[in-house]
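Here is what each chain is made of, one letter per residue.
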Amino acid sequence: MQTVTTLDPLRRALAVMRQDGPVALVPTMGALHEGHLALVREARAKARHVVVSIFVNPRQFGPNEDLARYPRQLEQDSELLRAEGVSLLWAPGAEAMYPDGYASSVSVSGISEGLCGAARPGHFDGVATVVLKLFNQVQPDLALFGEKDWQQLAVIRRMALDLDLTSPAAAAIHAVPTVRERDGLALSSRNAYLSVEQRAEAACLPRAMDAAIAKLRAGEAHMAVEDALKADLLAGGFASVDYAEFRHAEDLAIPLESRDKPLRLFVAARIGATRLIDNKPV
């Protein structure tokens, strides 16, 4: 596995790889876990070469968020990727991604504005900007993202469509289902922040979501189900709930009583100082 940190070596390495077959990109912020490795394995099944990027993107963190303490473990991550047969690790520093004088940003309106977009102003501008840069830098034949960050996935798909980054002949953005621990909690780099007691309490999140989905399927009104879900999470040990909402899966519109489109349940809640997110199909 090659590791590169600047653009010129990246482009030289990619030019050689493309002569040998398709290239897949898996963008990450490091602190890799089985959820990330599931993306890598899916990428290896779909392409000759896999490029994984590790970059903790400062532009998607707010001023009071966890940028400084976000886990960074490049050496350990490198060993995991090497064992998975990754061809190249793209690990730029902030100076390579945002050099002096950098002044551009990408904003995807509408789909980015509710849910995490409301709780984290500017977050999805940072996500869209860095993903567009990664697409331009690597120029992958396909890119893989996890369904756990469903709103992020929707924003990236909208950006790719609007900016002509994909074509009907190459559906370049692939979604990979959320990987969960045995008790149902979605894998996340931020799970490492939880104490033993908080980790045990966090397991109520997927259970409460499953119960809410069952109530909606049984015919209960979605707003009443959402209110009950919030109460269940607070009773289970969560300090606050940013949102617990049913939305249309594709455009993230808020559903009325009509349920003629596929729905998903989206939740963001805080346990201690840690903010956990999850979503499930209805």
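In this report, the structure presented in the accompanying data block is examined.

Thresholds applied
Residues numbered from 1 in each chain as written. Predicted model: local features only at pLDDT ≥ 70, side-chain atom pairs only at ≥ 80, totals over all residues. Heavy atoms only, no water. Core = buried A, V, L, I, M, F, W, Y, C linked by side-chain atoms within 4.5 Å. Buried < 20%, exposed > 50% of the residue type's maximum accessible area, 1.4 Å probe, protein only. Helix = DSSP H or I, 4+ residues; strand = E, 2+ residues; numbered from the N terminus. Domains from an automatic or database assignment. Contact = heavy atoms within 4.5 Å. Expected span 1.5 Å × (residues − 1). Polar contact = N/O pair within 3.5 Å; in protein donor to acceptor, adjacent residues only side chain to side chain. Pairing = 2+ DSSP bridges. Axes fitted to C-alpha atoms, helices over the stretch in contact; angles between N-to-C directions.

## Digging into the nonpolar core
It is characteristic of soluble globular proteins that their nonpolar side chains tend to be buried jointly. The biggest cluster of nonpolar side chains holds 43 residues, and the ones touching the most others in it are Val51, Leu88, Trp90, Val131, Phe135, Val138 and Phe145. Listed by contribution, the elements that provide at least two residues to this core are α1 (7-18), β2 (23-28), β4 (88-90), α6 (123-138), β5 (142-146), α7 (150-162) and β8 (263-271). Mapping this core onto the domain boundaries places at least three of its residues in each of domain 1 (2-176) and domain 2 (189-281). Here valine 138 is in contact with Leu10, Leu14, Arg18, Val23, Leu25, Val51 and Trp90, once residues within four sequence places are set aside.

## Details of helix α2 (residues 34-46)
For the α-helix, the turn length of 3.6 residues means that residues three or four positions removed from each other point alike. When the terminal C-alpha atoms of α2 are compared, their 18 Å separation across 13 residues agrees well with the 18 Å that a helix rising 1.5 Å per residue should span. Those residues of α2 that sit buried are Gly35, His36, Leu37, Ala38, Leu39, Val40 and Ala43. Buried residues along α2 sit in contact with β2, β3 (49-54), α3 (74-83), β5 and β6 (173-176).

## Describing the environment of tyrosine 102
Relative to the helices and strands, tyrosine 102 resides in the loop between α4 (94-97) and α5 (116-119). Here the side chain of tyrosine 102 touches serine 104 through a polar contact of 3.2 Å, landing on its backbone oxygen.

## Quick look at the sheet that holds strand β7 (residues 240-248)
Adjacent strands of a sheet form backbone hydrogen bonds with each other and so pair up, either parallel or antiparallel. The sheet built from three strands is open, its strands ordered β7-β8-β9 with antiparallel pairing. Of all the strands in the sheet, the pair left with one neighbour each is β7 and β9 (274-281). Put simply, the sheet's adjacent strands are angled 10° from each other on average, direction ignored. As paired strands, β8 and β9 are joined by eight bridges and run antiparallel to one another. Following the sheet pairing, leucine 265 is matched in β9 by lysine 280. Each of β7, β8 and β9 is contacted by helix α9 (residues 204-217), which is oriented at about 35° to β9, the strand it contacts most.

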